[in-house]
Amino acid sequence: MTALNRVPSLMARAGTASALTIAAVGGSIVAPGFTSEAAAATTATKALQIAASKKGSPYQYGATGPRRFDCSGLTLYSFKKAGKKLPRTAAQQYNKTHHISARSRKPGDLVFFHSGSSVYHVGIYAGKGKIWHAPKTGDVVRLQKLWTTSVWYGRVS
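Because the structure is a prediction, the values reported are computed rather than measured. (Residues numbered from 1 in each chain as written. Predicted model: local features only at pLDDT ≥ 70, side-chain atom pairs only at ≥ 80, totals over all residues. Heavy atoms only, no water.)

**Side note on the overall build of the protein**
Counting its regular elements, the protein contains five helices and six strands. The secondary structure elements of the protein, listed N-terminal to C-terminal, are α-α-α-α-α-β-β-β-β-β-β. Within the protein, contacts between residues at least 6 apart in sequence are counted, and of these 50% link residues at least 24 apart. Per element, the accessible surface of the protein, about 9200 Å² overall, is 55% carbon and sulfur. (Helix = DSSP H or I, 4+ residues; strand = E, 2+ residues; numbered from the N terminus. Contact = heavy atoms within 4.5 Å. Areas by Shrake-Rupley, 256 points an atom, 1.4 Å probe, with all protein chains shown as cover.)

**Things to note about the pairing of strand S6 (residues 151-155)**
As judged from the three bridges shared by strand S1 (residues 98-100) and S6, these two strands associate in the antiparallel manner. The residue of S6 that forms the bridge with His-99 is Gly-154. (Pairing = 2+ DSSP bridges.)

**As for the packing of aromatic side chains**
Overall, the coordinates contain five aromatic pairs when judged by the stated rule. Ring centres of Phe-69 and Tyr-77 lie 5.2 Å apart, and the angle between their planes is 65°; this geometry places the pair in the edge-to-face category. Comparing Phe-69 with Tyr-77 shows no difference in burial state: the two are buried. Three or more aromatic residues joined by ring pairs form one cluster here, namely Tyr-94, Phe-112 and Trp-152. (Phe/Tyr/Trp six-rings, centres within 6.5 Å; stacked < 30°, edge-to-face > 60°. Buried < 20%, exposed > 50% of the residue type's maximum accessible area, 1.4 Å probe, protein only.)

Put into C-alpha cells, the structure is as follows:
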C-alpha cells in the first residue's frame, strides 16, 4: 500500500487529522500547486543525503565519483543520483540554478564561492551555516562551517 493510499485510512482511524500528523506517521498529502516545489525539496534532500554519505571520500581534481570527488564533481554526482542533471563545473552549475538570497537558502541548495564575478567553488548547504563539500587536494569530503560571506546560493529545479 502506498503512502497516498494510507492517508484515507489514517484519517478514518484518527477522525480528523492535520497534515503534520499524517506526515509524522508516514503519510503524504498531494495539494494542487505544490507538486513541483515538493519534488524539488525531495530532490534537494536526497542530494544532500548522498553528499553526506560520501563523507571521508578523497578529493581528486576532475573526479566525479563514486569514490573520489572534486567540488563540482560531488554536487554533480549527488544531484544525478537524486534524479537531476547538472553541468560539470561550479561556474556552469551556478548558471543553471535558480539564484536565491541567503535568507531564502534551504538545506540542499547549492553554495557558490566567488571572487568578484568568478565562481571558483561549490558545496551543498546542510543547514545551520554548514556545507558538505570536497575542499581541496589532500582533503576529503566533509561537513564544514561557512568561512566567508562571499557566496551566492542557487536552487536546482
